[in-house]
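Chain and residue survey
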Amino acid sequence: MNDLDTQSARRTVRRAARRLAEDAPKLVVGSADAYRTGLATRAADLRRAVLAAWLTGVPEHVIAADGGLSSAVVHEWICAGSPPAEPADGPG
């Protein structure tokens with residue numbers, strides 16, 4: 001992949017991580033189901049972004065730094081392969 005692809009993938013990881021961090025406090029205001037669904041959706045978005053970044057050639061340690069994740073989590077997600085499906089209720 002080219003450098004533009006990897007930079008875009010890294011931005012997507014950072015954006016997904018930021019959205020998860022920023023939205024978590026907002027989701028607490030709703031019901032417990034809305035909170036769980038919202039967090040699950042944002043975590044799935046981050047996981048998909050991690051996998052996409054790795055597939056474009058971004059090293060695991062760089063993905064971990066971009067996403068504010070541990071290297072172990074990034075490695076686990078990559079080894080798991082396909083990202084999780086979105087919750088039945090769709091994006092939150």
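Described in the following lines is the structure provided in the data block. (Residues numbered from 1 in each chain as written. Predicted model: local features only at pLDDT ≥ 70, side-chain atom pairs only at ≥ 80, totals over all residues. Heavy atoms only, no water.)

1. Brief notes about the overall build of the protein
Each helix and strand counted, the protein has 4 helices and 0 strands in total. Across the protein, helices and strands are ordered from the amino to the carboxyl terminus as α-α-α-α. Contacts in the protein between residues far apart in sequence, at least 24 positions, make up 64% of those at least 6 positions apart. Entry remark: accessible area of the protein is about 5400 Å², with carbon and sulfur atoms responsible for 59%. (Helix = DSSP H or I, 4+ residues; strand = E, 2+ residues; numbered from the N terminus. Contact = heavy atoms within 4.5 Å. Areas by Shrake-Rupley, 256 points an atom, 1.4 Å probe, with all protein chains shown as cover.)

2. Some points on the nonpolar core
By size, the foremost hydrophobic cluster in this structure holds 15 residues, and its most contacted members are V13, L46, V50, A53, V58, I63 and V74. When sequence neighbours within four positions are dropped, the list of residues in contact with V58 reads T6, R10, A53 and I63. (Core = buried A, V, L, I, M, F, W, Y, C linked by side-chain atoms within 4.5 Å. Buried < 20%, exposed > 50% of the residue type's maximum accessible area, 1.4 Å probe, protein only.)

3. What to know about the pattern of salt bridges
Counted according to the given criterion, the structure contains 8 salt bridges. One salt bridge connects D66 with R14, and the closest N-O pair in it is separated by 3.4 Å. One end of the pair, D66, is in helix α3 (residues 60–67); the other, R14, is in helix α1 (residues 3–27), and 52 residues separate them in sequence. For R14, a relative accessible area of 31% corresponds to the partly exposed category. As a salt-bridge pair, D23 and R42 come within 2.6 Å of each other at their nearest N and O atoms. Of this pair, D23 sits in helix α1 while R42 sits in helix α2 (residues 32–55), and the two are 19 residues apart along the sequence. The same class applies to D23 as to R42, namely buried. Overlapping salt bridges bring together R19, D23, K26, R42, D45 and R48 as one network. (Salt bridge = Lys/Arg side-chain N within 4 Å of Asp/Glu carboxyl O.)

4. Some points on α2
Across its 24 residues, α2 extends 34 Å between first and last C-alpha, which sits within 8% of the 34 Å expected from 1.5 Å per residue. Three or more residues of α2 are buried, namely T37, G38, T41, R42, A44, L46, A49, V50, L51 and A53. Close packing links the buried residues of α2 with α1, α3 and α4 (71–80). Positive phi appears at G57, one or two residues downstream of α2, with a value of about 105 degrees. (Expected span 1.5 Å × (residues − 1).)

5. Focus on the environment of A17
Residue position: A17 is located in helix α1. Taking the C-alpha atoms as reference points, A17 and L69, 52 residues apart in sequence, are found 8.7 Å from one another. If we skip the residues at most four places from it in the chain, A17 touches L46 and G67.

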